[in-house]
Amino acid sequence: MATLNQEQIEQKLQQIKDWQLDGNSIKKEWQFNDFIAAVGFINKMAILAEKHEHHPELFNVYNTVTLSFSTHSAGGLTDK
């Protein structure tokens, strides 16, 4: 699977709100009212990601969740 070039990445980033490029990944951060709400979001994302055969990196610090996507097997961002 081929990775996207810089121009393709920039075009696609314009189509998704609040996501940013972070090396070979795209990432977004969410803030919740508390830790339980943040963990609930992570659990929902895990189920959705598994259904689509994607396995993002999920980071949690108290009420903040950061999600990072890339195609690890391709070493960067792809159309999949």
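Check the entry above for the structure.
Because the structure is predicted, anything quoted here is derived from the model rather than measured. (Residues numbered from 1 in each chain as written. Predicted model: local features only at pLDDT ≥ 70, side-chain atom pairs only at ≥ 80, totals over all residues. Heavy atoms only, no water.)

**A few points about the packing of aromatic side chains**
One pass over the full model with this rule turns up 4 aromatic pairs. Look at Trp19 and Trp30: their rings are 6.0 Å apart centre to centre, the planes differ by 80°, and that puts the pair in the edge-to-face class. Taken together, the positions of Trp19 in the loop between helix H1 (6–13) and strand E1 (20–22) and Trp30 in strand E2 (residues 25–31) put the pair 11 residues apart, joining distant regions of the chain. Classification of Trp30 by relative accessible area gives partly exposed; the value is 22%. Between the aromatic rings of Phe32 and Phe41, the centroid separation amounts to 5.0 Å while the plane-to-plane angle is 40°, which identifies the pairing as tilted. Aromatic ring contacts, followed pair by pair, group Trp19, Trp30, Phe32, Phe41 and Phe69 into a single cluster. (Phe/Tyr/Trp six-rings, centres within 6.5 Å; stacked < 30°, edge-to-face > 60°. Helix = DSSP H or I, 4+ residues; strand = E, 2+ residues; numbered from the N terminus. Buried < 20%, exposed > 50% of the residue type's maximum accessible area, 1.4 Å probe, protein only.)

**Digging into the layout of surface pockets**
There is about 160 Å³ of room inside the second largest pocket. What lines the second largest pocket is a set of 11 residues, and nearest its centre among them are Glu53, His54, His55, Ser70 and Thr71. (1 Å grid on protein atoms, 1.4 Å probe; cavity = no way out; pocket = protein on both sides within 12 Å on 5 of 7 lines; lining within 4 Å. Points joined across faces, edges and corners; volume = space filled by probe spheres on them.)

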